[in-house]
Amino acid sequence: MQPTYGLTDAEKKAYAENEADLSTLEEQLRSFDKVANSRLAAIGRRFDPDAQYCYRCPCDQYEGASSRCARDTCGHSRTGHHGFI
Ligand SMILES: [Zn+2]
Ligand SMILES: [Zn+2]
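Since the structure is predicted, the reported quantities are computational estimates derived from the model, not experimental observations.

### What to know about the overall build of the protein chain
Working step 1: When you go through the protein chain residue by residue, the secondary structure sums to one helix and two strands.
Working step 2: Its helices and strands taken in sequence order, the protein chain reads α-β-β from the N to the C terminus.
Working step 3: Computed over its C-alpha atoms, the radius of gyration of the protein chain comes to 17 Å, more than 25% above the 12 Å expected for a compact globule of 85 residues.
Working step 4: Taken along the three principal axes of its C-alpha coordinates, the protein chain extends 50 × 25 × 15 Å.
Working step 5: Looking at the protein chain residue by residue over its 85 residues, the buried ones come to 9%.
Working step 6: A sequence separation of at least 24 residues applies to 30% of the contacts in the protein chain between residues at least 6 apart.

### Thoughts on the environment of A41
Working step 1: If you trace the backbone, A41 turns up in helix α1 (residues 9–42).
Working step 2: The exposure class assigned to A41 is exposed, which follows from the 11 C-beta atoms found within 10 Å.
Working step 3: Linking A41 and P3, residues 38 residues apart in sequence, is a C-alpha distance of 42 Å.

### So, the nonpolar core
Working step 1: Of all hydrophobic cores here, the largest spans six residues; its members are Y53, C54, C59, Y62, C69 and C74.
Working step 2: If near-sequence neighbours (up to four positions away) are discounted, C69 is found in contact with C54, C59, Y62, E63, C74, G75, H76, G80 and H81.

### Focus on α1
Working step 1: Helix length check: α1 (34 residues) gives 49 Å between terminal C-alpha atoms against 50 Å at 1.5 Å per residue, within 8%.
Working step 2: In terms of burial, α1 is largely open, as just zero of its 34 residues are buried.
Working step 3: One or two steps after α1, the chain reaches G44, where phi turns positive at roughly 75 degrees.

What counts and what doesn't
- Residues numbered from 1 in each chain as written.
- Chains lettered and ligands numbered in written order.
- Predicted model: local features only at pLDDT ≥ 70, side-chain atom pairs only at ≥ 80, totals over all residues.
- Helix = DSSP H or I, 4+ residues; strand = E, 2+ residues; numbered from the N terminus.
- Rg over C-alpha atoms; globule rule 2.2 N^0.38 Å.
- Buried ≥ 20, exposed ≤ 12 C-beta atoms within 10 Å, placed from the backbone.
- Contact = placed C-beta atoms within 7 Å.
- Core = buried A, V, L, I, M, F, W, Y, C linked by C-beta atoms within 7 Å.
- Expected span 1.5 Å × (residues − 1).

Structure representation (structure tokens):
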């Protein structure tokens, strides 16, 4: 976290609350990642931790463009793909 020196109490509080919410969100994303991976592994879909593949459709790989997959068959946001955390 950045130093909070010089911030007002209200500012400190807002940043602290954002930080706490984001930590919670990141934790949830990590556990989603685990569950989504084991689901795909169970059906024999790629399970390469280094690869970027889609959670939502059989798209091979994330093709980033404006944080969206550029594949025709895909097109959803980066969070549809493995490795977004
Ligand atoms: Zn997709
Ligand atoms: Zn895709």
